[in-house]
Amino acid sequence: MGLFGVAFILITFGYIALEQRSRLIQRNEDDIRGTAFFLADHTARLLEVTDLTLKQAAALIDGQEWDRAGASKTLWQQLRAVREALPYIEDVWLNDATGRLRMTSMQFPAPPSNAAGRDAFSAQVAADQGLFVGEPIIGHVTKAPTFMISRRLQRQEQFDGIASVTVSLSYFYDYWAKLRLPKGGRVALLRASDASVIAQYPPPPDGLSFAPIDKAAFDAALSSGPQAGLYSFISMGDERLGAYRQVGAMPLYISVSMPENAYWTPWFVQTRLYGAFALIALLALLALTALASQQFREQAANAALLERQVAVRTGELRTETAALEILNRTGSALAAELDIGRIIENVVDAGVDLTGAQFGAFFDGASLNGEGDSGRYQTEKSRSAFAGLPIHDLCGPAFTEGRTVRLENIAVGFGPDGTPYIQENPPGAAQIRSLLAVPVLLRTGDIHGILVFGHEKPGIFTERAERLLAGLTSQAAIALENGRLYGKAQSEIEDRKQAQKQQSLLIRELHHRVKNTLATVQAVVGATARSASSIDDFYHAFVGRIISLANTHTLLTEAVWQTASLREIMEKELKPYNDARGGRIVLNGPAVDLPSEAAVPIGMAIHELSTNAAKYGALSAKGGQVIVSWDAEPADEGVRLKLLWEERGGPAVSPPTRQGFGSRLLHRVLATQLNAKVETDFNPNGLRVSIDAVLKQGQFPNTPV
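Notes on the structure in this doc start here. Quick caveat, the model's predicted, so the values are computed rather than measured.

## What to know about the overall build of the protein
Scanning the protein from terminus to terminus reveals 17 helices and 24 strands. Within the protein, counting contacts between residues at least 6 apart in sequence, those at least 24 apart form 61% of the total. Roughly 38,200 Å² of accessible area belongs to the protein as shown, and the carbon and sulfur atoms make up 55% of that amount.

Written out as structure tokens, the structure reads:
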């Protein structure tokens with residue numbers, strides 16, 4: 001028995017040593033696999049947020065010229081705010097199509113720099129590479145080890161430059177330093193195309209001299225497992241075992257490697273410990289032989305009990321692990337999602353998976369009595385059965401008070417005597433028995449909506465399901481708030497763009513109108529001076545014409561320099577000459593809006609006719625009368641205006657001996673500016689003037705600011 005015991009102990013010791021070696025190797029492989037998965041997921045999230053950041057930066061300069069955008073301190077402040085929100089981003093850069101740096105969050109104005117030689121720039125020139133990660137570099141401006149992540153800018157389908165960020169390698173070093181790696185372990189972020197190392201921990205002394213990756217071994221591993229796997233390679237004369245994991249859907253990988261013999265030291269320590277135990281076991285073998293039989297029976301019973309407990313705990317752990325994975329996956333999806341519809345779909349799908357429900361749906365305030373906004377159903381029968389339920393009545397506290405409602409069997413009814421019974425549906429029809437309704441509460445306390453889940457079996461939902469859904473709805477509330485804020489921000493950005501565009505147009509119009517006004521005043525001064533016989537005549541004639549011009553400009557200003565009403569121009573000029581009964585001035589005609597190009601000359605013409613009538617014509621006599629009639633009809637280029645000025649009851653009219661300002665205005669200015677046909681009849685009974693002109697649609701002039 002002694003020899004048998006010695007042989008048994010030695011065999012057991014050897015077996016344990018070999019088994020421990022295998023376990024250490026397997027544990028190391030599992031550790032580097034898990035680390036690679038964790039770091040790849042972390043990096044993928046960073047790149048998703050980086051992509052959103054680049055899109056925001058591109059949206060800031062969308063539609064603007066580079067020179068104007070580069071000189072805008074407001075844009076720089078917005079760009080700096082984007083950069084300060086992300087700790088791992090060193091700076092945000094905007095380069096034009098030549099590679100010239102136009103704006104950077106680092107300083108304002110941007111320092112002289114050119115990125116044409118960077119691969120993050122040259123890769124985007126020929127075609128859109130999406131989110132492109134460049135090789136590690138020493139920054140032109142920062143002089144620090146970093147790498148660039150770029151996105152292509154386009155204007156009218158043409159390359160217009162890049163928006164990029166530089167990511168500090170120190171961020172990855174600080175983060176990766178927190179990991180527990182095997183002795184000699186190494187972490188690397190590399191590109192699949194050329195196995196170029198982007199970042200590596202432990203970092204090299206100069207920040208960029210990374211240990212190389214065996215590209216042939218890595219490519220061979222990718223051919224069998226494109227997303228994740230293990231591979232052996234030689235780096236700097238050292239045989240290493242590496243685990244790799246793809247970063248999202250990008251051509252990037254996280255590689256975690258260790259020396260092939262990394263297990264040796266812990267295995268030697270444990271083997272030495274097991275050897276000491278074996279020696280003690282040899283010495284105590286004789287003493288333990290007598291108790292072996294009894295202890296064996298006790299150990300067998302304990303092992304069976306432990307196995308049952310382990311099986312129970314393992315099942316619970318698997319269930320919790322699956323729930324945690326669902327929550328983590330949903331949290332990651334919600335963090336990167338801004339579309340409210342897709343947020344609700346993700347939350348409903350996650351809720352169905354967490355609770356084991358056969359269907360789930362989301363209700364908001366507009367659909368409390370109907371089918372859910374977004375639902376997931378196993379069969380069409382369950383969809384129709386759910387649509388027939390009075391959800392608002394069954395889950396009222398969730399809708400009105402924001403409380404969770406859990407119903408274990410809604411198919412239970414009560415007879416006239418209070419006896420409960422099961423309400424059965426017709427054969428083949430779906431029956432809903434279990435219901436769980438959880439409100440989605442925003443930070444303001446408002447109820448954004450209700451998540452409702454159901455099952456055909458009673459008592460399916462538990463308190464654990466309520467707790468899981470409480471955490472899920474908290475994540476959903478934050479994501480919905482972010483989606484709403486994003487939508488409001490996009491709307492505000494669009495409103496600001498429209499306001500800036502309108503302001504620019506109004507400024508150009510103002511410049512154009514000021515030039516025209518000055519030219520008109522200059523012409524009035526010259527014409528008045530030529531026709532005036534004295535300084536006093538010049539003053540009164542000039543002031544009257546300037547007042548007429550001001551009245552017309554007032555009407556144009558009220559219409560934002562677009563149109564002026566013909567009737568209002570007539571009333572402003574002729575109202576002072578009317579009597580209390582309103583019989584001296586007669587205005588007949590439809591509503592006509594004169595474009596700004598026609599309002600000024602026509603207003604001046606009416607002023608000259610009114611002044612002439614007041615001095616020499618019908619308005620100079622007590623019983624005199626002025627009748628102005630007009631008509632408007634569509635024409636090929638706009639609206640044809642036919643206007644007739646008639647004077648009655650005034651002094652006898654005779655042709656003038658010389659041509660004054662009014663005559664030149666009627667026959668020259670109107671003909672030149674409006675291409676109008678003007679006819680003057682000096683009838684002894686009263687002056688008659690007819691004007692026939694086509695009013696073209698006014699537009700903003702393309703005058704540079």
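## Focus: the packing of aromatic side chains
Inspection of every chain in the model, using the stated rule, returns 14 aromatic pairs. Ring plane angle 50 degrees and centroid distance 5.6 Å describe the contact between tyrosine 88 and tyrosine 171, whose orientation is recorded as tilted. Taken as a pair, tyrosine 88 in the loop between α3 (73-84) and β1 (89-95) and tyrosine 171 in helix α5 (residues 169-176) lie far apart in primary sequence, 83 residues in all. Their ring planes at 85 degrees and their centres at 5.6 Å tell us that phenylalanine 218 and tyrosine 253 sit as a pair that is edge-to-face. One end of the pair, phenylalanine 218, is in helix α6 (residues 215-224); the other, tyrosine 253, is in strand β10 (residues 252-259), and 35 residues separate them in sequence. Each of the two residues, phenylalanine 218 as well as tyrosine 253, counts as buried.

## Digging into the pairing of strand β5 (residues 158-168)
Buried residues dominate β5, accounting for 10 of its 11 residues. Where strand β4 (residues 145-155) lies against β5, 10 bridges are found, and the strand directions are antiparallel. What sits directly across from arginine 151, in β5, is alanine 163. The loop that links β4 with its antiparallel partner β5 comprises 2 residues; one of these, glutamine 156, has a positive phi angle of about 55 degrees.

## As for α6
Residues Ala217, Phe218, Ala221 and Leu222 constitute the buried set of α6. Considered in projection along α6, the buried side chains sweep an arc of 135 degrees and stay on one side of the axis. Set apart from the buried face of α6 by more than 90 degrees, the exposed residues are Ala216, Ser223 and Ser224. For α6, the side-chain oxygen to backbone nitrogen distance between the N-cap and alanine 216 is 3.3 Å, and the N-cap itself is aspartate 214.

## A few points about the packing of helix α15 (residues 566-574) against helix α16 (residues 596-615)
Relative to each other, α15 and α16 sit at 30 degrees, their axes nearing to 10 Å. When the axis of α15 is compared with that of α16, the two are roughly parallel. When you trace α15 past α16, the crossing you get is right-handed. From α15, Leu566, Ile569, Met570, Glu573 and Leu574 reach across to α16, where they touch Ala599, Ile602, Gly603, Ile606, His607 and Ser610. Residues that form the contact of α15 with α16 fall into these classes: 7 nonpolar, 3 polar and 1 charged.

## Things to note about the sheet that holds strand β22 (residues 638-648)
Read from one edge of the open sheet, 5 strands run β19-β21-β22-β24-β23, paired in mixed fashion. One side of each edge strand has no neighbouring strand; the edge strands of this open sheet are β19 (585-588) and β23 (677-683). On average, each strand axis in the sheet is inclined to that of its neighbour by 10 degrees, with strand direction left out of account. Looking at chain direction, β22 and strand β24 (residues 686-696) are connected through 9 bridges and run antiparallel. Bridging across to β24, leucine 644 finds its partner in serine 690. Relative to β19, α15 is tilted by about 175 degrees, and along the sheet it contacts β19, β21 (625-634) and β22.

## Overview of the environment of glutamine 124
Relative to the elements of secondary structure, glutamine 124 occurs in helix α4 (residues 119-126). Classification of glutamine 124 as buried rests on a relative accessible area of 0%. Taking the C-alpha atoms as reference points, glutamine 124 and isoleucine 162, separated by 38 residues in sequence, lie 7.5 Å from one another. With sequence-adjacent residues up to four places away left out, glutamine 124 is seen in contact with Gln129, Gly130, Phe132, Ser150, Arg151, Arg152, Phe159 and Ile162.

## Some remarks on the sheet that holds β1
Strand order in the open sheet formed by 5 strands is β2-β1-β5-β4-β3, with antiparallel pairing between adjacent strands. The open sheet terminates on both sides in strands that have one partner only, identified here as β2 (101-104) and β3 (132-138). Ignoring strand direction, the axes of neighbouring strands in this sheet form an average angle of 30 degrees. Across the sheet, α3 lies against β1 and β2, angled at about 145 degrees from β1, the strand it touches most.

About the cut-offs
- Residues numbered from 1 in each chain as written.
- Predicted model: local features only at pLDDT ≥ 70, side-chain atom pairs only at ≥ 80, totals over all residues.
- Heavy atoms only, no water.
- Helix = DSSP H or I, 4+ residues; strand = E, 2+ residues; numbered from the N terminus.
- Contact = heavy atoms within 4.5 Å.
- Areas by Shrake-Rupley, 256 points an atom, 1.4 Å probe, with all protein chains shown as cover.
- Phe/Tyr/Trp six-rings, centres within 6.5 Å; stacked < 30°, edge-to-face > 60°.
- Buried < 20%, exposed > 50% of the residue type's maximum accessible area, 1.4 Å probe, protein only.
- Pairing = 2+ DSSP bridges.
- Arc of directions from axis to C-beta.
- Polar contact = N/O pair within 3.5 Å; in protein donor to acceptor, adjacent residues only side chain to side chain.
- Axes fitted to C-alpha atoms, helices over the stretch in contact; angles between N-to-C directions.
- Parallel < 35°, antiparallel > 145°, perpendicular 65-115°, else oblique.
- Left-handed = near helix turned anticlockwise from the far one by under 90°.
- Nonpolar A, V, L, I, M, F, W, Y, C, P; charged D, E, K, R; others polar.

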